[in-house]
Amino acid sequence: MESKKILFISQEVSPYVPDTSMSLLGRDIPQSVHGKEFEVRIFTPKYSCINERRNQLHEVIRLSGMNIIIDDNDHPLIIKVATLLPSRMQVYFIDNDDYFHPLPDKGLEISVLPEDNDERLMFFTTGVIETVKKLRWPPAVIHCSGWISALSPMVIRRQYGDDPTFRDTKIIYALQPEKFDGTLDPRFVEKLEMNEFAADDLAPLKDSPVDFATLNRLAMDHADAILQVTDDIDPELLEYARKTGKPFLSIAGEENRKEILSDFYRTLIGEEEE
């Protein structure tokens, strides 16, 4: 039986960034399901604190070189890859000198330079999608984890919905507690409009400045299913998730995550094939 492809779009992955609850889950959950039944690949930002030599990252020339236009400016896409041991999963890193560059301390750009997070989010999302297309690796399931992946469901559904790579894909959005403070740049919606989104798609973002909760609601609106990873999720977001009527699963505190998630994936893929 051919393995089903599962794509993880993850905000943080250990051991490439310091160990946190999110980065450890970003490593452990994909590794738990990777095997004969599911072939897993991970995409994550190439934060400047990632040591390329120690983690054996190398640039993939054939995937790099594309220019992503944001706010009428070109930003070259650089793709790097490493192998996550012991599972030997491929981890792809989205890099660009404008959004991921050396910092005076060892923090992550999303925390140290939050003023660029709107464009960083757009660049990362488009970089992942275009690279998966180039790889000719159509995922059965896309598992989005962390707010930096929150644009992915809308972009895939609205701009790549007819693309053979994503046409039959099911998208899971995993709620995580790690937030960003304040709101994204006031011109965030204007920059998205330059990418020719329909007015209806962006309507939920126009009522007020885009904060963490708004971004999460947008992701849930366009996802096929919603996942709760930890106990400390905003109760209002959990209520919103349940009100969508979409398949909802909590694996918070569960020790047999592999079996529970595998069943969840099978159910979603089965719904697709009916």
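Keep in mind it's a predicted model, so treat the numbers as computed, not measured. (Residues numbered from 1 in each chain as written. Predicted model: local features only at pLDDT ≥ 70, side-chain atom pairs only at ≥ 80, totals over all residues. Heavy atoms only, no water.)

## Comments concerning the packing of aromatic side chains
Link 1 in the chain: Enumeration over the complete set of coordinates arrives at eight aromatic pairs.
Link 2 in the chain: Centre to centre, the rings of Phe 43 and Tyr 92 are 4.9 Å apart; their planes meet at 10°, and the pair counts as stacked. Taken together, the residues Phe 43 in strand S2 (residues 38-45) and Tyr 92 in strand S7 (residues 89-95) connect sequence positions 49 residues apart.
Link 3 in the chain: Judged by its relative accessible area of 6%, Tyr 92 is buried.
Link 4 in the chain: Each ring, one from Tyr 99 and one from Phe 123, has its centre 5.4 Å from the other, and the planes form 50°; the classification is tilted. (Phe/Tyr/Trp six-rings, centres within 6.5 Å; stacked < 30°, edge-to-face > 60°. Helix = DSSP H or I, 4+ residues; strand = E, 2+ residues; numbered from the N terminus. Buried < 20%, exposed > 50% of the residue type's maximum accessible area, 1.4 Å probe, protein only.)

## A look at the sheet that holds strand S1 (residues 4-10)
Backbone hydrogen bonds hold the strands of a sheet together, and the pairing may be parallel or antiparallel.
Link 1 in the chain: As summarised here, the arrangement of the nine strands in space is S3-S6-S7-S2-S1-S8-S9-S10-S11, forming an open sheet in which the pairing is mixed. If you trace the sheet from one side to the other, it starts and ends with strand S3 (58-59) and strand S11 (248-250), each paired once.
Link 2 in the chain: Two elements, strand S8 (residues 141-145) and strand S9 (residues 170-175), share five bridges in a ladder whose sense is parallel. Considered in S9, the bridge of Cys 144 is made with Tyr 173.
Link 3 in the chain: On the sheet, helix H5 (residues 152-159) packs against S1, S8 and S9 and is oriented at approximately 165° with respect to S9.
Link 4 in the chain: In this fold helix H8 (residues 212-222) packs onto S9 and strand S10 (225-228), with an angle of close to 150° to the strand it touches most, S9. (Pairing = 2+ DSSP bridges. Contact = heavy atoms within 4.5 Å. Axes fitted to C-alpha atoms, helices over the stretch in contact; angles between N-to-C directions.)

## Section: helix H4 (residues 117-135)
Link 1 in the chain: With 19 residues, H4 should reach 27 Å at 1.5 Å per residue; the first-to-last C-alpha distance of 26 Å fits that figure.
Link 2 in the chain: Where burial is concerned, most of H4 is hidden: 17 out of the 19 residues are buried.
Link 3 in the chain: The first or second residue beyond H4 is Arg 136, which carries a positive phi of 55°. (Expected span 1.5 Å × (residues − 1).)

## Side note on the packing of H8 against helix H9 (residues 235-243)
Link 1 in the chain: H9 packs onto H8 with a crossing angle of 20° between their chain directions and a minimal axis gap of 10 Å. What the angle tells us is that H8 and H9 run roughly parallel. The two elements H8 and H9 meet at a crossing, and its hand is right-handed. Along its contact with H8, which presents Phe 212, Ala 213, Asn 216, Arg 217, Met 220 and Asp 221, the element H9 presents Leu 237, Tyr 240 and Ala 241.
Link 2 in the chain: Taken together, the residues of the contact of H8 with H9 sort by class into six nonpolar, one polar and two charged. (Parallel < 35°, antiparallel > 145°, perpendicular 65-115°, else oblique. Left-handed = near helix turned anticlockwise from the far one by under 90°. Nonpolar A, V, L, I, M, F, W, Y, C, P; charged D, E, K, R; others polar.)

## Overview of unusual backbone geometry
Link 1 in the chain: In this structure, Pro 15 follows Ser 14 across a cis peptide bond, with omega equal to 15°.
Link 2 in the chain: By the element assignment, Pro 15 lies in the loop between S1 and helix H1 (21-33).
Link 3 in the chain: Each neighbour pair has its own omega, and for Leu 85 with Pro 86 the value is 5°, a cis peptide bond.
Link 4 in the chain: Relative to the elements of secondary structure, Pro 86 occurs in the loop between strand S6 (78-84) and S7.
Link 5 in the chain: The residue Arg 136 is not glycine, and still its phi comes out positive at about 55°.
Link 6 in the chain: You can see Arg 136 is positioned in the loop between H4 and S8.
Link 7 in the chain: Judged by its relative accessible area of 74%, Arg 136 is exposed.
Link 8 in the chain: With a phi close to 65°, Glu 196 is a non-glycine residue in the positive phi region.

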